[in-house]
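What the coordinates show
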Amino acid sequence: MLPLALKSLRNRRFTVALTVFTIALSVCLLLGVERVRTQMRESFASTVSGTDLIVGARSGPVNLLLYAIFHIGDATNNVSWQSYKEIAALPDVAWSVPISLGDSHRGYRVVGTTLDFFARYRYGAKHELAFAQGRTFSDLYDTVLGAEVARKLGYRPGDAIVIAHGTGRVAIAEHKDKPFRVAGILEATGTPVDASVFVSLEAIEAIHIDWQYGTRMPGSGVSADAARRLDLTPKTITAFLLGLKSRIATFGVQRTINEYEAEPLLAILPGVTLQQLWGLVGIAENALRLVSALVVLVGIAGMLTALVTTLAERRREMAILRALGARPLTVFGLLLLEALLLAACGALAGVALFYLALALARRALLDGYGIAVALTAPTRTEFALIGCVLLAGLVAGLVPAALAYRNALADGLTIRT
């Protein structure tokens, strides 16, 4: 029966090719949506890894995560430097990284921090930050750029940049008297790090040394060189990351911080809060899966249409098979096998098209959208989706197979006028 089915499909090669191509496109879209969805979820959940607690002024856990890690929104309040030092000195704390926000450069957030950030920050499966060009900042007015900032703005090590006051895309007030020099550019990570401009905490203090209440104080300008000789110890920071000596101590330290008497603080577990945040923003993934599933159904419907519309042309073929001794079940099985072969060829072509598109687009997805998509073998879920496509093709093949089964020998041989 298989050779007969293959010859029958070969005789209708143009229609078959169009049907296979339609199914291939739908399978490619289905697998693409599933791969991007899972990779986005994994990337989202591992935006920051290896950090046990994130600490900031008391607000909501999601709000703290958004401004401290994703640089979205603003803090309700700052954390005093004294409180930071006391908490960082707790016996169970292994390391701490302060973060100061509030400035920007051409729409990208400026992050004031220490050199420990580049040594301690982890993302994904505890990947370390790496430099594509240059090095960390060593001078007061050095800056390190994320991959997206450098690529989109065309910066290279040694270029000069000016930081703007505030976080808006339109710079109303700039720190032009204290320009910075690009010292290094980080490799792409697929995290908010790519869209960040990093400077030292002392640099944040230096550019604001003659500012008050968001404006520069008239007649009290401090030059860039004069600022170097001043005490640039921060008075406040926005948030800080903590790494603990033992995971067992996590909840104890969290409780200590949340009950801190000197000022109201909040400590959150990054992984737990990331899952909460995904619950809010991950609704769109179900919509994507629904759309891709509908596209597959359209492809299967196209195959069904092609098979049914050719039945009228093949009635004499079916009648001849019956006359040669083929049983009705043989005709039924032939049509069902053809449908299965079309679905299988479409699925295989879709998988091939998916990996070709993935190989060509994965770099663009990382650079343009921060989505790191792995070029790996199909997952269990993806195999299950391919199986569903084959099953849908087989079910769709029942319709033309049943119609052919019901056609009588006389009906196939009768010439209708």
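One structure accompanies this document, and this report is about it. Quick caveat: nothing in here was measured; it's all calculated off a predicted structure.

1. Remarks on the overall build of the protein
Looking only at helices and strands, one finds 15 helices and 18 strands in the protein. Relative to its full complement of 417 residues, the protein shows a buried share of 46%. Within the protein, contacts between residues at least 6 apart in sequence are counted, and of these 78% link residues at least 24 apart. Total accessible area on the protein is roughly 20,500 Å²; 61% of this is exposed by carbon and sulfur atoms.

2. As for empty space enclosed by the protein
Under the counting rule described, the total for this entry stands at 2 cavities of 30 Å³ or more. Taken as a whole, the largest cavity encloses approximately 70 Å³ of empty space. Contributing to the lining of the largest cavity are Ala-68, Ile-69, His-71, Ile-99, Phe-117, Tyr-121, Pro-192, Val-193 and Leu-241. Taken together, the residues that form the lining of the largest cavity break down as 8 nonpolar, 1 polar and no charged.

3. As for the pairing of strand β13 (residues 196–200)
Most of β13 is tucked away: 5 of the 5 residues are buried. Residues Ser-196, Phe-198 and Ser-200 line one face of β13 and the alternating positions Val-197 and Val-199 line the opposite face, and both faces are buried. Examined bridge by bridge, strand β4 (residues 108–113) and β13 share 5 bridges and lie parallel to one another. The residue bridging Thr-113 from the neighbouring strand is Ser-200, located in β13. Pairing of strand β8 (residues 142–145) with β13 involves 2 bridges; the strand directions are antiparallel. Residue pairing across strands places Val-144 opposite Phe-198, the latter belonging to β13.

4. Some words on the packing of helix α2 (residues 13–45) against helix α11 (residues 283–309)
For the pair α2 and α11, interaxial distance at closest approach is 9 Å and the crossing angle is 170 degrees. On the basis of the axis angle, α2 is roughly antiparallel to α11. By crossing handedness, the relation of α2 to α11 is classed as left-handed. Two secondary-structure elements touch here, α2 through Thr-15, Thr-19, Thr-22, Ile-23, Ser-26, Leu-29, Leu-30, Val-33, Glu-34, Arg-37 and Arg-41 and α11 through Glu-285, Leu-288, Arg-289, Ser-292, Ala-293, Val-295, Val-296, Gly-299, Met-303 and Ala-306.

5. Quick notes on the packing of aromatic side chains
Tallied over the entire structure, the rule returns 10 aromatic pairs. For the pair Phe-354 and Tyr-355, a centre-to-centre distance of 5.0 Å together with 65 degrees between the ring planes defines the contact as edge-to-face. Clustering of aromatic rings is evident, with ring pairs tying together Phe-117, Phe-118, Tyr-121, Phe-131, Phe-137 and Phe-198.

6. A few points about the side chain of Glu-205
As for its placement among the helices and strands, Glu-205 is situated in helix α7 (residues 201–207). Despite being buried, Glu-205 has no salt bridge partner; Lys-235 is the closest side chain of opposite charge, sitting 4.3 Å away. Every residue in contact with Glu-205, bar those within four places of it in the chain, is listed here: Leu-232, Thr-233, Pro-234 and Lys-235.

7. So, unusual backbone geometry
Generally, phi is negative for residues other than glycine and the peptide bonds are trans, each holding for most cases. The phi torsion at His-71 lies on the positive side, around 55 degrees, for a residue other than glycine. For His-71, a relative accessible area of 14% translates into the label buried.

8. Points about the environment of Lys-176
Its place among the elements puts Lys-176 in the loop between β11 (173–174) and β12 (180–186). Take Lys-176: its relative accessible area is 61%, and that puts it in the exposed class. Sequence separation between Lys-176 and Ala-224 is 48 residues, and the spatial gap between their C-alpha atoms is 10.0 Å.

9. Some details on a nonpolar patch on the surface
Taken together, the side chains of Leu-340, Leu-391, Leu-394, Val-395 and Leu-398 present a nonpolar region at the surface, about 390 Å² in accessible area. Considering every element that reaches the nonpolar patch, the biggest residue donor is helix α14 (residues 380–406), with 4 residues. For Leu-394, the position within the fold is in helix α14. Look at Leu-394 and you get partly exposed, because its relative accessible area is 30%.

10. Some details on helix α9 (residues 250–258)
Listing the buried residues of α9 in full gives Thr-250, Val-253, Gln-254 and Ile-257. All buried residues of α9 lie within an arc of 100 degrees about the axis, which places them on one face of the element. The inward-facing, buried residues of α9 abut β1 (53–57), α4 (81–88), β17 (239–244) and β18 (265–268).

11. Quick word on the environment of Asn-78
With respect to the helices and strands, the residue Asn-78 is situated in the loop between α3 (61–68) and β2 (79–80). Once the C-alpha coordinates of Asn-78 and Ala-57 are considered, the two residues, 21 residues apart in sequence, prove to be 6.0 Å apart. Discounting residues that sit within four places of it in the chain, Asn-78 has contacts with Ala-57, Thr-236, Ile-237, Thr-238 and Glu-263. At a separation of 3.5 Å, a polar atom in the side chain of Asn-78 contacts the side chain of Thr-236.

12. Digging into the pairing of β17
Counting buried residues in β17 gives 6 out of 6 residues, a clear majority hidden from the surface. Side chains Ala-239, Leu-241 and Gly-243 project from β17 onto one buried face, and the interleaved Phe-240, Leu-242 and Leu-244 project onto a second face that is buried too. Sheet topology note: the β1/β17 ladder contains 4 bridges and is antiparallel. Across the sheet, the residue bridging to Ile-54 is Leu-241, located in β17. Of the pairings in the sheet, the one linking strand β3 (residues 93–105) to β17 comprises 6 bridges and is antiparallel in character.

Cut-offs and rules
Here the residue numbers are simple positions, counted from 1 along each chain's written sequence. With the structure being a predicted model, the display of local features is reserved for residues of pLDDT at least 70 and the display and counting of side-chain atom pairs for 80 or more, all residues being used for whole-chain, interface and lining totals. Just so you know, side-chain values use all the structure's heavy atoms and leave hydrogens and water out. We count a stretch as a helix when DSSP gives it H or I for four or more residues in a row; a strand needs E for two or more, and each element gets its number in order from the N terminus. Exposure categories follow from relative accessible area, calculated using a 1.4 Å probe and restricted to protein chains: below 20% of the type maximum is buried, above 50% is exposed, and the middle band is partly exposed. Only heavy atoms enter the contact rule, under which two residues are in contact if any of them lie within 4.5 Å. To measure how exposed things are, a 1.4 Å probe is used in the Shrake-Rupley method; for residues, cover is taken only from the protein chains shown. Within this scheme a cavity is a closed region of a 1 Å grid, computed over the protein atoms alone, that accommodates a 1.4 Å probe without allowing it to escape, whereas a pocket is open but has protein on both sides within 12 Å along at least five of seven lines; lining residues each have an atom within 4 Å of a point. Grid points are joined across faces, edges and corners, and a volume is the space filled by probe spheres set on the points. Classification used: nonpolar for Ala, Val, Leu, Ile, Met, Phe, Trp, Tyr, Cys and Pro, charged for Asp, Glu, Lys and Arg, polar for all others including Gly. By this definition, two strands are paired if DSSP reports at least two bridges between them. Working convention: axes come from line fits to C-alpha atoms, limited for helices to the stretch in contact. Angles between N-to-C directions cover 0 to 180 degrees. Throughout, the term roughly parallel applies to angles under 35 degrees, roughly antiparallel to angles over 145, roughly perpendicular to angles from 65 to 115, and oblique to all others. In this scheme the handedness of a crossing depends on how the near helix is turned from the far one: anticlockwise by less than a right angle means left-handed, clockwise means right-handed. Two aromatic rings from Phe, Tyr or Trp, using only the six-membered ring of Trp, form a pair when their centres are within 6.5 Å; if the ring planes differ by under 30 degrees the pair is stacked, by over 60 it is edge-to-face, and anything between is tilted. Only four residue types enter the charge count, namely Lys and Arg as positive and Asp and Glu as negative; His and the chain termini do not. Basic side-chain nitrogens of Lys or Arg form a salt bridge, by our definition, when they fall within 4 Å of a carboxyl oxygen of Asp or Glu. Patches in this entry comprise residues that are over 30% relatively accessible and not in a salt bridge; like charges within 9 Å are linked, as are nonpolar side chains (Val, Leu, Ile, Met, Phe, Trp, Tyr) within 5 Å. Arc definition: directions from the helix axis to the C-beta atoms. Here a polar contact is taken to be a pair of N or O atoms separated by no more than 3.5 Å, where protein atoms must pair a possible hydrogen donor with a possible acceptor and residues adjacent in sequence count only if both atoms sit in side chains.

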